Amino acid sequence: MTVTKADVPVTTASNEPAGETEPVGSARSERLSALVQQHGALAVLVIVSLVASFSFDSFATGDNVSNMATSSAFLAIVALGMTFVIITGGIDLSVGSLFALGGVLAAWGSRHGTLVALLLPLLVCGLIGVVNGLLVAKSRLAPFIVTLAAMLGARGLLLAITDEGADTFLIGKGSVLAELGQGTTLGLGNPVWITLALFAAGAVVLRRTRFGQHVYAVGGNEDAAALMGAPVARTKILVYTLSGLLAGLAGALNAAWLASGVTILGNGMELEAISAVVIGGTLLTGGLGYVSGSLVGVLLLKVIQNVINQIGSLDSSYQQVVSGAFLAVVVIAQTWLGRRRQLM
Amino acid sequence: MAEATLPTAPLDRARVLQWLQTYGVYAGVAALLVVNIVITPHFLSAENFRTQAVQVAPVIIVALGMALVIGTEGVDLSVGAVMALAASVTALYLGYGLLPALLVVALFAAAVGLANGALVALVGVQPIVATLALMVGGRGLALVLLPQLKDLRNPSLASLGSGDIAGIPYLILIAAVLALLVAFVVRRTTFGRQLLAIGDSRPAAQLAGLPVRRVLILVYIASALLAAVAGVLATARLQASDPTSLGNLMELSAITAVVVGGTPLTGGRVNIGGTVAGAVLIQLLTATLIKHDLPPSWTQIAQAIVIVAAVYAARGRGKR
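This text gives an overview of the structure that appears in the document. (Residues numbered from 1 in each chain as written. Chains lettered and ligands numbered in written order. Predicted model: local features only at pLDDT ≥ 70, side-chain atom pairs only at ≥ 80, totals over all residues. Heavy atoms only, no water.)

Thoughts on the overall build of chain A
When helices and strands are tallied, chain A shows 14 helices and four strands. Relative to its full complement of 344 residues, chain A shows a buried share of 51%. Long-range pairs, those at least 24 residues apart, make up 78% of the contacts in chain A with a sequence separation of at least 6. Counting every atom, chain A has about 14,700 Å² of accessible surface; 65% of that belongs to carbon and sulfur. (Helix = DSSP H or I, 4+ residues; strand = E, 2+ residues; numbered from the N terminus. Buried < 20%, exposed > 50% of the residue type's maximum accessible area, 1.4 Å probe, protein only. Contact = heavy atoms within 4.5 Å. Areas by Shrake-Rupley, 256 points an atom, 1.4 Å probe, with all protein chains shown as cover.)

As for the overall build of chain B
When its secondary structure is counted, chain B shows 14 helices and four strands. The C-alpha radius of gyration of chain B comes to 20 Å, within 12% of the 20 Å expected for a compact globule of 320 residues. The 320 residues of chain B split such that 53% are buried. A separation of at least 24 residues holds for 76% of the contacts in chain B among residues at least 6 apart in sequence. Summing over all exposed atoms, chain B offers an accessible surface of approximately 13,800 Å²; the carbon and sulfur share of this is 68%. Counting 19 positive and 11 negative side-chain charges, chain B places the centres of these two groups 9 Å from one another. (Rg over C-alpha atoms; globule rule 2.2 N^0.38 Å. Lys, Arg positive; Asp, Glu negative; His and termini not counted. Charge placed at Lys NZ, Arg CZ, Asp CG, Glu CD.)

What to know about the environment of B:Gly117
Residue and element names in this part refer to chain B. Note that Gly 117 resides in helix 5 (residues 98-123). The spacing of Gly 117 and Leu 143 is 26 residues in sequence and 23 Å in space, taken between C-alpha atoms. Once residues lying within four places of it in the same chain are set aside, the contact partners of Gly 117 are Leu 122, Ile 217 and Tyr 220.

What to know about the interface of chain B and chain A
On the chain A side, the residues contacting the 44 residues of chain B number 42 residues. Taking both partners together, chain B and chain A bury about 3,700 Å²; carbon and sulfur atoms supply 77% of that area. Where chain B packs against chain A, one counts zero salt bridges. At the level of elements, helix 5, helix 6 (127-145), helix 10 (202-207), helix 12 (250-260) and helix 14 (296-314) of chain B are the ones that each hand at least two residues to the side of chain B that touches chain A. Per element, the largest residue contribution to the side of chain B that touches chain A is 12 residues, and it comes from helix 6 of chain B. (Buried area = accessible area lost by both parts, 1.4 Å probe. Salt bridge = Lys/Arg side-chain N within 4 Å of Asp/Glu carboxyl O.)

A short note on the packing of aromatic side chains
Residue and element names in this part refer to chain A. Applying the stated criterion across every chain, the model contains four aromatic pairs over all chains. Seen in terms of ring centroids, Phe 74 and Trp 257 are 5.2 Å apart; in terms of plane orientation they differ by 40°. Their pairing is tilted. Of this pair, Phe 74 sits in helix 3 (residues 62-87) while Trp 257 sits in helix 11 (residues 232-258), placing them 183 residues apart in sequence. Accessibility expressed as a relative area gives 32% for Trp 257, which makes it partly exposed. (Phe/Tyr/Trp six-rings, centres within 6.5 Å; stacked < 30°, edge-to-face > 60°.)

Considering the side chain of A:Thr241
Position of A:Thr241 among the secondary structure elements: in helix 11. If sequence neighbours within four positions are ignored, A:Thr241 has contacts with A:Gly126, A:Gly129 and A:Val130.

Notes on a nonpolar patch on the surface
All names here are of chain B. Residues Val 34, Val 35, Ile 37, Val 38, Ile 39, Leu 44 and Phe 49 make up a contiguous nonpolar surface patch of about 660 Å² in total accessible area. Broken down by element, the residue count for the nonpolar patch peaks at five residues, all from helix 2 (residues 13-39). Mapped onto the fold, Ile 37 is located in helix 2. (Patch = residues over 30% accessible without salt bridge, like charges linked within 9 Å, V, L, I, M, F, W, Y side chains within 5 Å.)

A short note on the nonpolar core
The biggest cluster of nonpolar side chains holds 174 residues, and the ones touching the most others in it are A:Phe144, A:Ile274 and B:Ile255. Ignoring any residue separated from it by four or fewer positions in sequence, one finds A:Phe144 in contact with A:Ile91, A:Leu93, B:Val75, B:Leu77, B:Ile128 and B:Ile255. By size, the runner-up hydrophobic cluster in this structure holds 13 residues, among which are B:Val29, B:Leu32, B:Leu281 and B:Ile282. (Core = buried A, V, L, I, M, F, W, Y, C linked by side-chain atoms within 4.5 Å.)

Section: helix 2 (residues 27-55) of chain A
Residue and element names in this part refer to chain A. Compared with the 42 Å implied by 1.5 Å per residue over 29 residues, the 40 Å span of helix 2 between its first and last C-alpha is a close match. A maximum bend of about 60° is found in helix 2 at His 39. Regarding helix 2, the residues found buried are Ser 29, Ser 33, Ala 34, Gln 37, Ala 41, Leu 45 and Ala 52. (Expected span 1.5 Å × (residues − 1). Bend = angle between axes of the 7 residues up to and from the residue.)

Comments concerning the packing of helix 5 (residues 114-137) of chain A against helix 11 of chain A
Residue and element names in this part refer to chain A. Running from N to C, helix 5 and helix 11 point in directions that differ by 150°, and their axes come no closer than 7 Å. One way to sum up the angle between helix 5 and helix 11 is to call them roughly antiparallel. For the pair helix 5 and helix 11, the crossing hand works out as right-handed. Residues Leu 118, Pro 121, Leu 122, Cys 125, Gly 126, Gly 129, Val 130, Asn 132, Gly 133, Leu 134, Val 136 and Ala 137 of helix 5 form the contact with helix 11, whose own contacting residues are Ala 233, Lys 236, Ile 237, Tyr 240, Thr 241, Gly 244, Leu 245, Gly 248, Leu 249 and Ala 252. In terms of residue class, the contact of helix 5 with helix 11 is made up of 14 nonpolar, seven polar and one charged. (Axes fitted to C-alpha atoms, helices over the stretch in contact; angles between N-to-C directions. Parallel < 35°, antiparallel > 145°, perpendicular 65-115°, else oblique. Left-handed = near helix turned anticlockwise from the far one by under 90°. Nonpolar A, V, L, I, M, F, W, Y, C, P; charged D, E, K, R; others polar.)

Considerations on unusual backbone geometry
At A:Ala259, a residue that is not glycine, the phi angle is positive and equals roughly 65°. If you trace the backbone, A:Ala259 turns up in the loop between helix 11 and strand 4 (260-261).

Observations concerning the environment of B:Leu285
All names here are of chain B. Locating Leu 285 in the fold gives a position in helix 13 (residues 272-291). Relative accessible area serves as the criterion here: at 16%, Leu 285 is assigned to the buried category. Residues in contact with Leu 285, not counting those within four places in the same chain, are Leu 32, Ala 302, Gln 303 and Val 306.

Focus on the packing of helix 12 of chain B against helix 13 of chain B
Residue and element names in this part refer to chain B. Their axes nearest at 7 Å, the elements helix 12 and helix 13 cross at an angle of 120°. Comparing the axis directions of helix 12 and helix 13 gives the class oblique. Helix 12 and helix 13 meet at a crossing whose hand is right-handed. Along its contact with helix 12, which presents Thr 256, Ala 257, Val 258 and Val 260, the element helix 13 presents Gly 274, Thr 275, Gly 278, Ala 279, Leu 281 and Ile 282.

Quick word on the pattern of salt bridges
Think of it this way: side chains of opposite charge can pair up when their charged atoms draw near. This model, assessed by the stated rule, comprises three salt bridges over all chains. The salt bridge involving B:Arg50 is made with B:Asp164; its shortest N-O contact spans 3.6 Å. With a gap of 114 residues between them, B:Arg50 in helix 3 (residues 46-71) and B:Asp164 in strand 2 (residues 164-165) connect regions that are remote in the sequence. Of the residues examined, B:Arg50 reaches a relative accessible area of 27% and is grouped as partly exposed. One salt-bridge network, held together by shared partners, links A:Arg140, A:Glu222 and A:Lys236.

As for the environment of B:Val215
Residues and elements named next belong to chain B. Looking at the secondary structure, you find Val 215 in helix 11 (residues 212-238). Overall, Val 215 belongs to the buried group, its relative accessible area being 1%. Residues Val 215 and Ser 253 lie 38 residues apart in sequence; the distance between their C-alpha atoms is 25 Å. If we skip the residues at most four places from it in the chain, Val 215 touches Phe 191, Gln 194, Leu 195 and Ile 198.

Have a look at this one:
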């Protein structure tokens, strides 16, 4: 049984595209496609930003850049956790709900001090992540469905805490928590620094630790990873826990930034995070991905939103059209590049 | 059918699970009906049944298309956006009459389905990403076409939404006819067999010379068309076009109905009766909790538990 399962991903991966089967390119073209896959989004980000700063006087100003950075920070933290999950070949739809839940819990807990305000969302959202991980890894349920259920459940929990959305919890001005969200250091908002630190840590964990190796191995070929002695179940549980923790933390920081826990936040955030991760070069099939790419993906989405806002005549609904079209283009490019690499 | 051939062996766990997989959703619906008849006042009224059925009809219609897509081991996240798009387009073209407006809606939906299908079948993009792009872009387009809620005053649209034949609302009749049609397509046509074969194993279907690309594209077009029908019907019932909130989270309701109804996400099997029952089960569950003044938070948590329980019962089923 294990043997047949091991065969399945390999055959589908190589047989699925029915096109040209012979490796066309040399090692150089493979390197090129790998380069585009990893840094293509960065190149697009640079071009879009350059064009935008020449086109709009208000784009490359300190205020606008620091606003964009802070508003990107929360999505970026969520996308970091999503990157780990997607590299293992899974998906986490619950992050939007956990983001909102984390924010409300932080605001509720802030009356008992900053420590409670930060620990409570981490504890609850981390626990939901553990449950996601257990159901995916131990019960072998589809991640899509498990995290979908968690998305509904967490939203329900959120409603229960806030008296069906009627209560709004505020975070007192001048508290340490408020400072964490609203303060700035060296001209950039504190959430931006926290995000950068988390991404640095995430990159180290993914590239330099045994756990990181396991994440790639599980996503590459689960059965091969198991045969080689990688703790598949534990790795999966850990990535969903990590994703829950980061979503909760992002929500708590966002609440600190807004000075209140807002119940309606986070709707559709899971899809934004997935988009950012995919745009950043991480394959949804698992086994290949970059933390840095996800950061670039988030920035790209936010810059595009900002540009559309700057074009005053364009309705904000164009944001969605452009984001959708952009995602489609990126994914088509990635699929072609990825297909060439798989065939080598 | 397995039950008929098996001798009455002692009930072991595997058989109980298998029974639950096949009939659990119907048992759930029956149990909820009985519970409601006993504990909910005024549950057994024609008015109540009519309300519940009219509410669940659009979900059923969308779930039918979703079941076809899931049968090919895909998923269609764009259905909610297509509903909103259908509402916007209906509102824009209603001035030319209902039928021309419906034709334009069908064209738009077919275009979205074609785009989904082309991304999945020709480019080889994963269904979840391909349809995610159209989910985001499609709702944006709906909003671009018609930025806000608009009241529609059209007698033929109004009668489509609230009319009935012999007391049975059009919405329910349309949902029932579409369910029978889709079940017929899955069970009795070559297209249905090809669809299931592709969901079972796409490489094998390719090797066997099946028209994999054509079937996949048609499946996504069918899903988009069904979602558009649901969008038009919901618009007709509201007598307003609401591009912002119409169809929100519909993709998840539809996927839930399909999965709870016993269709595995791994493709290769489609259970249309179960899908309809799955949608009804969730509708009844929500209605039960609401009628007993339990808050929406409970409803969502209960829904989450039902989903996990249903998938847990169905696990290991499907391929292999």
